[in-house]
Structure formats: C-alpha cells, structure tokens
Amino acid sequence: PTPAPTPAPTLAPTLAPTTAPTPAALPSFTTLTGPCRTATDGFGDFTVRAATSQECQQDCGLDASCMAYETGPDNRCELHKAGIVKSDPRRADYQCFLKQAAQGPTPAPAPIPRPTFTRLTGPCRTQSGGFGDFTVVAGVDVLACGERCVTDTACVAYEYGKSRCEVHRAGTVRSEPSNAAYSCWLKEAQPATLAAVESAADVHGAQ
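Note that the structure is a prediction, hence the values are computed from the model and not measured. (Residues numbered from 1 in each chain as written. Predicted model: local features only at pLDDT ≥ 70, side-chain atom pairs only at ≥ 80, totals over all residues. Heavy atoms only, no water.)

On a plain count of helices and strands, the protein comes out with three helices and 14 strands. Within the protein, the proportion of its 207 residues that are buried is 31%. Partitioning the intrachain contacts of the protein with sequence separation of at least 6 by distance along the chain shows that 68% fall at a separation of at least 24. Counting only carbon and sulfur atoms, one obtains 57% of the accessible surface of the protein, whose full area is about 13400 Å². (Helix = DSSP H or I, 4+ residues; strand = E, 2+ residues; numbered from the N terminus. Buried < 20%, exposed > 50% of the residue type's maximum accessible area, 1.4 Å probe, protein only. Contact = heavy atoms within 4.5 Å. Areas by Shrake-Rupley, 256 points an atom, 1.4 Å probe, with all protein chains shown as cover.)

Structure, rendered in structure tokens:
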C-alpha cells in the first residue's frame, strides 16, 4: 500500500514586535545650594532614602506629590512634598532641587477678527460730496476689491462698479445714491464676528 504523505509541520504564528512604551518626560528642576527649607526655614514634609542624584531626581519626577528633592553626602536623598520654597545656602554639601510647574501646550493665537462692511448704493463720497483719498486697483473683481480693503488698515471703504475698484482712505463716510451703477462699502469700526464676515461675503457673491 502507498504510505500516507507526511503532513507539513504547523508553524507557530510570528508575533509582531512589541514596541517599548515611551518613557514619561521628567519635569525640570531649579537647583539651589544647600538643603531644602520651607518659607519659615522648616525642614518640611519628606521621606529619606539612599539613592544617587539621578535616581533621586527620577523618583521625584515620577511622584506627583513630590515638589522638591534634596541630595547630600553618602547618597542621601530626600523627597519633599508641598511647602519647600528655598534652601539654606550655608550647607554647600547639600543641594535642593525645586520642581518646576508642568508647562501645558502653548495655546494657538486667537484669530484676528475681520472687519464687516455696510453696503451703500452709489460711489463713495466724503461728507462734503468730494471723491476723497483713494487708490484705483485694476483687474480685480468685487471680492478681491473688498479683500484689498480688509488687509489695508488705512482703508475705510471701497467702491466697485463697472469693473472698477477704488480703495478709499480717511474721509469717505457716505455714497452718492443717484448713480446706482456703483456701490460703496463702508468699513465698520468694530470687528465683525465670523457670521458677519460670511454674511458680507454672501452679499459680495450676489453682485
């Protein structure tokens, strides 16, 4: 009889390598000469152990209740809790290390609010009906014209009509409504909220 084929050995599954956990970052410490002391020159609340300076620092860094640690001769390590604020510099054979407060992530700067505009019918005018101080910007649409005024802190209004853009500076306070082919947008003194900016953009898009 034909012998049965020998089954192939079953291989053990290959395990994915285990990634070692990232060690927690230790807080920073301020080094003071002399043993740790409270504001009233007391010894404070502490525990003593034999450890190298590095081991003492690590123990204090990993202990949330440890506010300072002290090192001295013969591998003396003191782990101090709340109350330590200074050292006694007369004992230079000891050192006190004050734990610094943990620094949180730096908050992102607040966005600068964009201005909003009031649209008036007609070209921009000064109080006396003059044209005012303005610059003509060629080759832009109404949205780009408005953006020029937004980014120019000296701009108080912009005018758009018949593909012509004017960026106005101080003096423009009203429009000439008899010429409806143009519009004048007066920049508001107070910054707009995001909703107001979006509303202004909707008005521009309707042009």
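After that view of the structure, there is still more to cover.
Bringing the sheet that holds strand 4 (residues 68–72) into the picture now. Within a sheet, neighbouring strands are paired by backbone hydrogen bonds and run either parallel or antiparallel to one another. The five strands lie next to each other as 1-7-4-5-3, forming an open sheet whose pairing is antiparallel. Bordering the open sheet on either side are strand 1 (29–33) and strand 3 (46–50), each of which pairs with just one other strand. Between one strand and the next, the sheet's axes are offset by a mean angle of 20°, whatever the strand orientation. Of the pairings in the sheet, the one linking strand 3 to strand 5 (residues 76–80) comprises five bridges and is antiparallel in character. Considered in strand 5, the bridge of Val-48 is made with Glu-78. Contacting strand 1, strand 3, strand 4, strand 5 and strand 7 (95–99), helix 1 (residues 53–62) crosses the sheet at an angle of about 165° to strand 4. (Pairing = 2+ DSSP bridges. Axes fitted to C-alpha atoms, helices over the stretch in contact; angles between N-to-C directions.)

On to the state of the cysteines, then. Applying the stated criterion across every chain yields a total of six disulfides. Sulfur-sulfur distance for the disulfide between Cys-56 and Cys-77 comes to 2.0 Å. Between Cys-56 and Cys-77, the S-S torsion sits near 80°, and that sign places the bridge as right-handed. Remark: Cys-77 occurs in strand 5 and Cys-56 occurs in helix 1; sequence separation between them is 21 residues. With relative accessibility at 0%, the residue Cys-56 sits in the buried group. Judged by relative accessible area, which is 0%, Cys-77 ranks as buried. (Disulfide = S-S within 2.5 Å.)

To continue, consider the pattern of salt bridges. Scanning the model with the defined rule gives eight salt bridges in all. Asp-152 serves as the salt-bridge partner of Arg-169, at 3.0 Å between the closest nitrogen and oxygen. Pair noted here: Arg-169 is in the loop between strand 12 (164–168) and strand 13 (172–175) and Asp-152 is in the loop between helix 2 (142–151) and strand 11 (157–161), with a separation of 17 residues, a long-range link. Here Arg-169 falls in the partly exposed class, since its relative accessible area comes to 25%. (Salt bridge = Lys/Arg side-chain N within 4 Å of Asp/Glu carboxyl O.)

Here we come to the environment of Glu-166. Turning to its location among the elements, Glu-166 is positioned in strand 12. As a C-alpha pair, Glu-166 and Val-136 span 30 residues in sequence and 4.5 Å in three-dimensional space. Leaving out residues up to four positions away in the same chain, Glu-166 has contacts with Phe-134, Thr-135, Val-136, Cys-145, Ala-157, Tyr-158 and Glu-159.

Let's shift gears to the confidence of the model for the protein. For the protein, mean pLDDT is 85; residues scoring 70 or higher make up 78% of the total. Low pLDDT (under 50) marks residues 191–207, which in the prediction has 21 contacts with non-local residues, meaning those over four places away or in another chain. (pLDDT = per-residue confidence, 0-100.)

Any pair of aromatic rings gets described here by the distance separating the centres and the angle formed by the planes. For the structure on display, the rule yields four aromatic pairs. Where Phe-117 meets Tyr-158, the ring centres are 5.2 Å apart and the plane angle is 80°; that geometry is what we call edge-to-face. Here Tyr-158 lies in strand 11 and Phe-117 lies in strand 8 (residues 115–121), a separation of 41 residues in the sequence. Residue class for Phe-117 comes out buried when judged on its relative accessible area of 13%. Among the aromatic residues, those joined into a ring-pair cluster are Phe-29, Tyr-69 and Phe-97. (Phe/Tyr/Trp six-rings, centres within 6.5 Å; stacked < 30°, edge-to-face > 60°.)

Let us look at helix 1. Listed in full, the buried residues belonging to helix 1 are Cys-56, Cys-60 and Gly-61. Taken around the axis of helix 1, the buried residues stretch over an arc of 130°, which confines them to a single face. Seen from the buried face of helix 1, the exposed residues on the opposite side, beyond 90 degrees, are Gln-54 and Leu-62. Its buried side turned inward, helix 1 meets strand 1, strand 4, strand 5 and strand 7. (Arc of directions from axis to C-beta.)

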